[in-house]
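Below, each chain spelled out in residue letters.
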Amino acid sequence: MAGRGRAPLSPVALLVVAQLVWAPDPYGEECRSKTYPPSGPTFKGNVPTYVINLDLPPSKRWDNLMHDKKTELKTVVQTIKDVANTFFPSGKVVDIVDNKIAHLTATLPYPFNEELQGIANSSGIPLGEIVIFNIFYEIFTVCTSIVAEDKTGKLYHARNLDFGLFLGWDVKNNSWTLTRELKPIVVNLDFQRNNKTVFKSTNFAGYIGMVSGVKPDLFTLTMNERFSLDGGYVGIFEWFLGRRDGMWMGFLTRTVLENATSYQDAKDKLAKTRLLAPAYFILGGKNSGEGCVITRSRTATLDIWDLDIKKGTWYVLETNYDRWKPPLILDNRRTPAMKCLNQTMQENISLPAIYDVLSTKPVLNKLTVCTTLMEVYNGHTETYLRECPDPCSPW
C-alpha cells in the first residue's frame, strides 16, 4: 500500500542520534606538535631489526627470529586460544585448529607453506596455531595510513598499526590484552637476496605476510582491513571448504614487495588480483603524484583515489571505511587526521609532522601497537612502539 514503510524515529531517538553525531569526541584533542623525535608517555620503545635471507630454504628463513621471539609469540598465541575458549568453552575450536587446519597448510602457495612449517618447527608452536595467527590479521585490524607529497615532490608514507579489537579487554590495566602482548613481537625486517636488500617491512614475528613495507627507490605499501559484509570470514570459510582461487591479503602484499618492478606494476597487481578478504592498499611511489588508496572487494577494485597535486590533493588517507561513506560514529579517526594534515599544510609536511598527526587522539588509541614512517628513497623506515595514556579512546 502507498505510504507504508518503516516507522519514523521518535523524538527521543532523534535526539540521541543527533547527540552522537554532533557531540565532541570525548577522547579527542587538539592536533599534537613536536612529538618527534619520539619520547614521553606515548612512546613505548624502539623496534629491533632482523635480516630474512631469501637465499635460504623457506623452512629456515625465520629460524633466527623465532629463536629470539618464540616465548613472546607463544604468549600471543595462548591469548588468542583463551579468547576462542571463552566463546567456545568446549575447546573444540582449538582442537580443530591443532588437528585440522595444520593439514590445510599444504594448500597454501610456495614458499608460504614451507615458511609456516619452518616457524612451527623452530618455535615449538603447533602448525595449526601458527596458521591461525597469520589468518587473524585478515579480520581483526583497524589502522590509519597516509601518503603525502611536499612542495618539492618528495613523498612520505606512514601508518599507525592498530590490532586487537574485541580480543580481550584488561580491566585492571585499561587496555586490550592482545594489543599489549603484540608489542614485544613487533620487528623490522630486511629481506635480502645475495646480501642485498630486496624490500623492508614492519611485522609481527611469526606473521609471514606484509602489513607495511618499502621497496627501496620504487614504492612504499601499507594494507588496511576493509570492513564489509562480504568480509574476510567469507573468504576464509571458502578456503576451508576448498575454493582457493583468492589470495591472502598479506601474501599478496609480500609478493608485490618482492616481485613488482615499479609503482605502476605494484598498482596493477594490487588492483587486479582476486582476494580472500576485502582490503585497502595504500601505495606510494617515487615520483610526484605517485600515491593512491586502492579500495578492494574480494573480486574487484571499487575505487582508486590518486594524489592530484594540480587539483589540491596532496595527501591520501585511509582508516577502515570507504572514503565516499561516513566513518562509523564511534570510530571516526578520519576526520581528526584530515584536520591535522590540513592544519599542517603541504609546505610543512614531513615525517615528523605526520608523526604528530598519528600521535593525536583518537588517531592514536588503545589499539595502536606501533607507528611506522617510510620514505621510498634508500628504503628509509622507522618504527616506534606506542602507548595511549588515559583518557584514550578504546579504538
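Definitions and cut-offs
- Residues numbered from 1 in each chain as written.
- Predicted model: local features only at pLDDT ≥ 70, side-chain atom pairs only at ≥ 80, totals over all residues.
- Heavy atoms only, no water.
- Helix = DSSP H or I, 4+ residues; strand = E, 2+ residues; numbered from the N terminus.
- Rg over C-alpha atoms; globule rule 2.2 N^0.38 Å.
- Buried < 20%, exposed > 50% of the residue type's maximum accessible area, 1.4 Å probe, protein only.
- Contact = heavy atoms within 4.5 Å.
- Areas by Shrake-Rupley, 256 points an atom, 1.4 Å probe, with all protein chains shown as cover.
- Lys, Arg positive; Asp, Glu negative; His and termini not counted.
- Charge placed at Lys NZ, Arg CZ, Asp CG, Glu CD.
- 1 Å grid on protein atoms, 1.4 Å probe; cavity = no way out; pocket = protein on both sides within 12 Å on 5 of 7 lines; lining within 4 Å.
- Points joined across faces, edges and corners; volume = space filled by probe spheres on them.
- Nonpolar A, V, L, I, M, F, W, Y, C, P; charged D, E, K, R; others polar.

**Description of the overall build of the protein**
Turning to step 1, where the next piece is worked out: What the protein contains, in helices and strands, is eleven helices and 16 strands.
Turning to step 2, where the next piece is worked out: Its C-alpha radius of gyration of 21 Å places the protein within 12% of the 21 Å reference for a compact globule of 395 residues.
Turning to step 3, where the next piece is worked out: Dimensions along the principal axes, computed over C-alpha positions, put the protein at roughly 60 × 55 × 50 Å.
Turning to step 4, where the next piece is worked out: Of all 395 residues assigned to the protein, the portion counted as buried reaches 55%.
Turning to step 5, where the next piece is worked out: A sequence separation of at least 24 residues applies to 68% of the contacts in the protein between residues at least 6 apart.
Turning to step 6, where the next piece is worked out: When the accessible surface of the protein is totalled, it reaches about 17600 Å², and 56% of it is carbon and sulfur.
Turning to step 7, where the next piece is worked out: Distance between charge centres in the protein, computed from 44 positive and 41 negative side chains, equals 2 Å.

**Considerations on empty space enclosed by the protein**
Here the idea is plain: a probe the size of a water molecule rolls over the atoms and shows the empty space left.
Turning to step 1, where the next piece is worked out: Summed over all chains, the structure comprises three cavities of 30 Å³ or more.
Turning to step 2, where the next piece is worked out: By volume, the largest cavity amounts to about 80 Å³.
Turning to step 3, where the next piece is worked out: Taken together, eleven residues form the lining of the largest cavity, with Val-131, Asn-134, Ile-135, Trp-248 and Phe-251 sitting closest to its centre.
Turning to step 4, where the next piece is worked out: Mapped by element, the contributors of at least two residues to the lining of the largest cavity are helix 5 (127–136) and helix 8 (249–259).
Turning to step 5, where the next piece is worked out: When residues of the lining of the largest cavity are assigned to their parent elements, the largest contribution, three residues, is made by helix 5.
Turning to step 6, where the next piece is worked out: The class makeup of the residues in the lining of the largest cavity is eight nonpolar, two polar and one charged.

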